[in-house]
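Close look at the chain arrangement
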Amino acid sequence: MTRWRLRALILLVYVIIGIYVAWLHDYITPGLLRDVAEALLAVFLWFLVLLGIDLHIGR
């Protein structure tokens with residue numbers, strides 16, 4: 001395994017553990033995940049927003 005792959009793997013494990021800990025302590029909630037998903041949809045599908053299509057999830 002090359003050095004950059006080892007560093008990438010360590011970084012990935014670090015981020016996954018951080019997400020898990022944030023979820024346990026309620027810094028990440030289902031509502032937050034829904035809002036982030038809506039924002040990403042609006043960014044990547046902006047042309048649909050301009051056509052008046054509602055990209056809100058579960059509302």
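Just so it is clear, the structure is predicted and the values come from calculations on it, not from any experiment. (Residues numbered from 1 in each chain as written. Predicted model: local features only at pLDDT ≥ 70, side-chain atom pairs only at ≥ 80, totals over all residues. Heavy atoms only, no water.)

1. Some details on a nonpolar patch on the surface
There is a patch of nonpolar side chains on the surface, built from Met-1, Leu-6, Leu-9, Ile-10, Leu-12, Val-13, Ile-16, Ile-17, Tyr-20, Val-21 and Leu-24 and spanning about 1,100 Å² of accessible area. By secondary structure assignment, the location of Leu-9 is in helix H1 (residues 3-24). Judged by its relative accessible area of 41%, Leu-9 falls in the partly exposed class. (Patch = residues over 30% accessible without salt bridge, like charges linked within 9 Å, V, L, I, M, F, W, Y side chains within 5 Å. Areas by Shrake-Rupley, 256 points an atom, 1.4 Å probe, with all protein chains shown as cover. Salt bridge = Lys/Arg side-chain N within 4 Å of Asp/Glu carboxyl O. Helix = DSSP H or I, 4+ residues; strand = E, 2+ residues; numbered from the N terminus. Buried < 20%, exposed > 50% of the residue type's maximum accessible area, 1.4 Å probe, protein only.)

2. Comments concerning the packing of aromatic side chains
Summed over all chains, the structure comprises one aromatic pair. Ring centres 6.1 Å apart and planes at 80° place the aromatic pair Trp-46 and Phe-47 in the edge-to-face group. In this structure Trp-46 comes out as exposed when scored by relative accessible area, which is 51%. (Phe/Tyr/Trp six-rings, centres within 6.5 Å; stacked < 30°, edge-to-face > 60°.)

3. Focus on H1
The first and last C-alpha atoms of H1 sit 32 Å apart over 22 residues, in line with the 32 Å expected at 1.5 Å per residue. Of the residues trailing H1, Asp-26 is marked for its positive phi of about 60°. (Expected span 1.5 Å × (residues − 1).)

4. As for the confidence of the model for the protein chain
Per-residue confidence for the protein chain averages 91 on the pLDDT scale, and 98% of its residues sit at or above 70. When mean pLDDT is compared element by element in the protein chain, H1 scores highest at 95, while helix H3 (residues 46-50) scores lowest at 90. (pLDDT = per-residue confidence, 0-100.)

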